[in-house]
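Residue-level structure breakdown
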Amino acid sequence: MTFDQRQEYYLKGIYPVEALSEVKDGLVEVRAKTTFLHTSAYSKGKRQIRVGVTQKRWVRKGEVLKVPFRHVWSHRRQVAKGHA
């Protein structure tokens, strides 16, 4: 899959990111455009061995992450009515 550099992308449909690489082994590198709290079962692009182990940490603006490409959306997630 190729990414258009002019297109806006969102990690999990919420956090704006810039796509930096093509998809390789199901992963893509992205650069965070804002600071956000990220919860993931992946660490440094590797899936955690133990089931249920998640990593929670603050991602700083400009930080590069390696994430599964299915988590990078080309649109923002819709918020259900009454939840905004």
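Let me begin by describing the structure that accompanies this report. Source: prediction; values computed, not measured.

Points about the overall build of the chain
Helix and strand counts for the chain come out as zero helices and nine strands. In the form shown here, the chain has an accessible surface area of approximately 6200 Å², with 51% of it arising from carbon and sulfur atoms.

Some remarks on the nonpolar core
Ranked by internal contacts, the top residues of the largest apolar core, which has 13 residues, are Val30, Leu65, Val67 and Val72. Elements supplying a minimum of two residues to this core: β1 (9–11), β2 (15–19), β3 (27–32) and β8 (64–68). Not counting residues up to four positions away in its chain, the partners in contact with Val72 are Phe3, Tyr9, Tyr10, Val28, Val30 and Val67.

With respect to the sheet that holds β1
Ordered by their spatial adjacency, five strands build an open sheet running β8-β3-β2-β1-β9, and the pairing between neighbours is antiparallel. Looking at the sheet topology across the chains shown, the edges are occupied by β8 and β9 (72–73). Sheet topology places β2 next to β3; three bridges connect them, and they run antiparallel. Within the sheet, the bridge partner assigned to Glu18 lies in β3 and is Arg31.

Brief notes about unusual backbone geometry
Peptide bonds are trans in most cases, and residues, glycine excluded, mostly fall at negative phi. In this structure, Lys12 is a non-glycine residue whose phi angle is positive, near 55°. The phi dihedral of Asp25 is positive, around 55°, even though this residue is not glycine. The topology assignment puts Asp25 in the loop between β2 and β3.

Calculation criteria
- Residues numbered from 1 in each chain as written.
- Predicted model: local features only at pLDDT ≥ 70, side-chain atom pairs only at ≥ 80, totals over all residues.
- Heavy atoms only, no water.
- Helix = DSSP H or I, 4+ residues; strand = E, 2+ residues; numbered from the N terminus.
- Areas by Shrake-Rupley, 256 points an atom, 1.4 Å probe, with all protein chains shown as cover.
- Core = buried A, V, L, I, M, F, W, Y, C linked by side-chain atoms within 4.5 Å.
- Buried < 20%, exposed > 50% of the residue type's maximum accessible area, 1.4 Å probe, protein only.
- Contact = heavy atoms within 4.5 Å.
- Pairing = 2+ DSSP bridges.

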